[in-house]
Amino acid sequence: MLSVKESSDANVSTQAPMLDLHEIQATVLRLRPAPYFGSHVLLRIDEAQAGRELLRRLTPHVDSAANWWRPASAWLSLAISYAGLEAIGVQQNSLQSFPEAFRVGMAARSRQLRDEGVNDPENWEPLFGKGEIHIGLNAFSDSKEKWQRIVEMARGQYQSLSGIGVVNVQDFGAQPDDLNSLGYKDGIDQPPIEGSGVDPLPGQGRPIKAGEFILGYPGEAGVPLPMPQPDILGRNGTYVGYRKYQSRVGAFNRFLRANGSTEEERELLAAKLVGRWRSGAPLTLAPDVDNPALGADPKRNNDFNYANDTHGRQVPFGAHIRRMNPRDTQLTRLTDVNIHRVIRRGTTYGKPYDPNAFSQEDDEVPRGAIFLFISAKAMATMEFLQQEWIDEGNFIGIGSERDPIIGRQEEGAVFTIPKEPVRRRVHGIETFNVLRGGEYFFMPSISALKWVASLSG
Amino acid sequence: MATLEQTRTRQDHIAEKIKKVQELYADAPEVGRTALKNGLEALKRELAAAPVRQSAGRIGARRGKVSELTAIVPLAPGGGKRIRGLLDVLEGNFKGADLVGTLHDMRFVLLDNDTKLLFATTYDGEWDAYIDDFVTKIPNSMDILFCNCEGWPGIHSPKVKDYIAKTQYTADAWYVASPNLTVAEAWRLEKVGKAVDELLDKIG
């Protein structure tokens, strides 16, 4: 970390953190800065020796989550895929202690993840799904200059090692007003984590047991999740699901234009799809007109539940945020909402959202988001979310409807907007975000990075 | 033409299957052989339908949105007596299962002098999607029932999914009339049907 500012308006708890924040990597807990700049660097280990040398060199630069609630100017994290753990020489019995979905990798779990059709690994960018992605570095910063400095530093370390290959470098951020590739403010609702040193923001709900997100602590069931062995390797680590989406901005704009005749109608439809106006203001608190001041206020923009919206007339049941965190919505299945949450670090890349893009060529402009989904059981949670909450609607009583933002739509897909006296059913919804690739990583603790770096053989 | 070729291959395929069934039945009792001869046309139509075999994930069969779980579990000493007693006391009331929202049915059959339990259920979705939810939401109901099974590790054990998979047998064949009708959808349609009737009553 290059510097730490002293003041912040975060909800710092009066109780000391229970977690080993000095061990946990910064990206796990640090919120994305505003504005934000950064890079994802994907590396291949051709020689185990070189991999361990790289870890020795980079670990001193990997930031911990200590004082994560204070704004920081730049930080670096390092995660390793299963193929990477193999390539760097982790012993067989350790390798076998990782969960199966992690061992086989994200592409091999495409059936469980519903990554089919346009999202099928066969259609991914060629760099993904081949077992060649071994190390994922990510750098976040609040300024262009510090971001470049930290990326330059990392490059200096890996470029001089002949046994390390660069698979891909993807810069992200630097978007006007930090809006995502469909023009929304995003990343607002994050799960509150018990013992992390920060109290929940209004509307965030009760803190969730840390073991759901970080290995080595009790989870919601009262016991810690199984941990990779030995202990030093697993404890304070977590898993990261890396997913690269390409936004089909032309298709999205065409859909809004076809289903809204005025600017107001189009913006309301855009808000209904997500459950928030593009400003981030939740429909529950601003049902009829946007309220950008509300959207910008972290103490107010998440402070709501669905107690007064049991029919979905403000936020449709199929809206993106109602799916991803149903809060107090009555679900059709016995569900513990708190065990299906995930920490998200959304990173927008490519050209900014363009409201005047309508053509099919506009759909192919490299532009979208890379998500880091972080959880102590990220693989199981992502499979659950994809199967139940994203590419389905049964859980919330809307049949086969899918998530309008990140779902993969089939021919004839619809989006239902509950309304008096009769609901409106919007036809012609398409896949607005196409999956271009992904991989699972393990994000070890600082001590675990040192342990791996010191392996022999 | 490709389509003609495909039709021909398909017909060959059906003929092959018919031949296989005839071979299987060559040494069947007289009544079976006669029935096969008389029912050949109907069987051909059945074979012409597209195959629907799917998996429910790790284990079990699936049709559309519906899956099956069939388990035969050896019972712990005294377990048979407890389960039989418990089912007696419940008098067939499983109202609590409504809460789960994915269970179409559950069948408990005690076998071999109450030393084994046959448990069969039809449920919506993927094999293990909601097991973690059972752990935090209804751990006691799970342990009260299944502690009677030999080797039950307890609902909180990370080994519980492996345990269930080990006792499970994938159905060799399974028929589902409405493969796309989930429990939630069936309940919704019941409500809609009732509402339509009420509306028609008012105007009719």
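Residues numbered from 1 in each chain as written. Chains lettered and ligands numbered in written order. Predicted model: local features only at pLDDT ≥ 70, side-chain atom pairs only at ≥ 80, totals over all residues. Heavy atoms only, no water.

**Student:** Could you give me a rundown of the overall build of chain B, with the residues and numbers involved?
**Tutor:** Helix and strand counts for chain B come out as nine helices and five strands. Walking chain B from its N terminus toward its C terminus, one meets helices and strands in the order α-α-α-β-β-β-α-α-β-β-α-α-α-α. Rg of the C-alpha trace for chain B: 23 Å, well past the compact-globule value of 17 Å for 204 residues, more than 25% over. Each of the three principal axes of chain B carries a C-alpha extent, and together these read 60 × 60 × 35 Å. Out of the 204 residues belonging to chain B, those deemed buried represent 35%. At a minimum sequence separation of 6, the contacts of chain B that also span at least 24 residues come to 64%. For chain B, the exposed surface amounts to about 13300 Å²; the carbon and sulfur share of it is 57%. Averaging the positions of the 28 positive and the 29 negative side-chain charges in chain B gives two centres separated by 2 Å. (Helix = DSSP H or I, 4+ residues; strand = E, 2+ residues; numbered from the N terminus. Rg over C-alpha atoms; globule rule 2.2 N^0.38 Å. Buried < 20%, exposed > 50% of the residue type's maximum accessible area, 1.4 Å probe, protein only. Contact = heavy atoms within 4.5 Å. Areas by Shrake-Rupley, 256 points an atom, 1.4 Å probe, with all protein chains shown as cover. Lys, Arg positive; Asp, Glu negative; His and termini not counted. Charge placed at Lys NZ, Arg CZ, Asp CG, Glu CD.)

**Student:** So, the interface of chain A and chain B: which residues are in play, and what are the values?
**Tutor:** Listed as interface residues are 22 residues of chain A and, on the opposing side, 25 residues of chain B. Carbon and sulfur atoms make up 52% of the area that chain A and chain B hide from each other, which totals about 1900 Å². On the surface where chain A and chain B come into contact, there are four salt bridges. Here B:Glu126 and A:Arg114 are joined by a salt bridge, their closest N and O atoms 3.1 Å apart. Applying the counting rule to chain A against chain B returns eleven residue pairs in polar contact (both at pLDDT 80 or more). Split by residue class, the side of chain A that touches chain B holds seven nonpolar, eight polar and seven charged. (Buried area = accessible area lost by both parts, 1.4 Å probe. Salt bridge = Lys/Arg side-chain N within 4 Å of Asp/Glu carboxyl O. Polar contact = N/O pair within 3.5 Å; in protein donor to acceptor, adjacent residues only side chain to side chain. Nonpolar A, V, L, I, M, F, W, Y, C, P; charged D, E, K, R; others polar.)

**Student:** Explain a nonpolar patch on the surface to me, and be specific about the residues and the numbers.
**Tutor:** A contiguous nonpolar surface patch, about 460 Å² in accessible area, is contributed by B:Val192, B:Val196, B:Leu199, B:Leu200 and B:Ile203. Relative to the elements of secondary structure, B:Val196 occurs in helix 9 (residues 183-203). (Patch = residues over 30% accessible without salt bridge, like charges linked within 9 Å, V, L, I, M, F, W, Y side chains within 5 Å.)

**Student:** Tell me what's going on with the pairing of strand 10 (residues 433-443) of chain A, and back it up with residues and numbers.
**Tutor:** Residue and element names in this part refer to chain A. For strand 10, the buried fraction is high: ten of the eleven residues fall into the buried class. Sheet analysis places strand 5 (residues 238-247) next to strand 10, joined by ten bridges and oriented antiparallel. Residue Gln246 lies in a different strand from strand 10, and its bridge partner there is Val434. (Pairing = 2+ DSSP bridges.)

**Student:** Which residues make up empty space enclosed by the protein, and what values do they have?
**Tutor:** The gaps of empty space that remain are located by a probe, the size of a water molecule, rolled over the atoms. Residues and elements named next belong to chain A. Here the structure, examined in full by the defined rule, presents three cavities of 30 Å³ or more. Taken as a whole, the largest cavity encloses approximately 720 Å³ of empty space. In terms of lining, the largest cavity is formed by 36 residues, of which the most central are His320, Met324, Arg344, Phe371 and Ile406. Mapped by element, the contributors of at least two residues to the lining of the largest cavity are strand 5, helix 11 (320-324), strand 6 (343-350), strand 7 (367-375) and helix 13 (378-390). For the lining of the largest cavity, the element with the highest residue contribution is helix 13, accounting for four residues. The residue inventory of the lining of the largest cavity, partitioned by class, reads 17 nonpolar, ten polar and nine charged. Approximately 60 Å³ is the volume attributed to the second largest cavity. Taken together, His40, Leu42, Ala79, Gly136, Leu137, Asn138, Val240, Tyr242, Leu372, Phe441 and Met443 form the lining of the second largest cavity. Per element, the largest residue contribution to the lining of the second largest cavity is three residues, and it comes from strand 3 (residues 135-141). Of the residues belonging to the lining of the second largest cavity, the class tally is eight nonpolar, three polar and no charged. (1 Å grid on protein atoms, 1.4 Å probe; cavity = no way out; pocket = protein on both sides within 12 Å on 5 of 7 lines; lining within 4 Å. Points joined across faces, edges and corners; volume = space filled by probe spheres on them.)

**Student:** Lay out the domain arrangement of chain B in plain terms, naming residues and giving numbers.
**Tutor:** By domain assignment, chain B separates into domain 1 (2-48) and domain 2 (58-167). Distance between the C-alpha centres of domain 1 of chain B and domain 2 of chain B: 39 Å. (Domains from an automatic or database assignment.)

**Student:** Go over the confidence of the model for chain A, please, and point to the residues and values.
**Tutor:** Per-residue confidence for chain A averages 95 on the pLDDT scale, and 98% of its residues sit at or above 70. Note on residues 1-8 of chain A: pLDDT under 50 across the span, and 21 contacts to partners over four residues away in sequence or across chains. (pLDDT = per-residue confidence, 0-100.)

**Student:** With reference to specific residues and values, describe the packing of aromatic side chains.
**Tutor:** Here the structure, examined in full by the defined rule, presents 27 aromatic pairs over all chains. A connected cluster of aromatic rings, assembled from ring pairs, spans B:Phe94, B:Phe108, B:Phe119, B:Phe146, B:Trp152 and B:Tyr163. One cation-aromatic arrangement involves A:Arg30 over A:Trp75; the distance from NZ or CZ to the ring centre is 5.2 Å. When the ring centre of A:Phe304 is taken as origin, the NZ or CZ atom of A:Arg327, which lies over that ring, is 3.9 Å away. (Phe/Tyr/Trp six-rings, centres within 6.5 Å; stacked < 30°, edge-to-face > 60°. Lys NZ or Arg CZ within 6 Å of the ring centre and 35° of its normal.)

**Student:** Describe the environment of A:Asp142, listing the residues and the values that go with them.
**Tutor:** Residue and element names in this part refer to chain A. With respect to the helices, strands and loops of the structure, Asp142 is situated in the loop between strand 3 and helix 6 (144-159). Assessed through its relative accessible area of 15%, Asp142 is described here as buried. The spatial distance from the C-alpha of Asp142 to the C-alpha of Ile429 is 36 Å, given a sequence separation of 287 residues.

**Student:** Help me get a handle on the sheet that holds strand 4 (residues 103-111) of chain B, residues and values and all.
**Tutor:** All names here are of chain B. Pairing in this open sheet of five strands is antiparallel, and the strands run 1-2-3-5-4 from one edge to the other. At either end of the open sheet lies a strand with only one pairing partner, and these are strand 1 (54-55) and strand 4. As defined by bridge partners, strand 3 (residues 66-74) adjoins strand 5 (residues 116-124) across nine bridges and the pair is classed as antiparallel. Paired with Ser67 across the bridge in strand 5 is Tyr123.

**Student:** Could you give me a rundown of a positive patch on the surface, with the residues and numbers involved?
**Tutor:** Side chains of B:Arg10, B:Lys17, B:Lys20 and B:Arg53 sit close together on the surface and give a patch of like positive charge. The partly exposed category is assigned to B:Lys17, whose relative accessible area is 36%.

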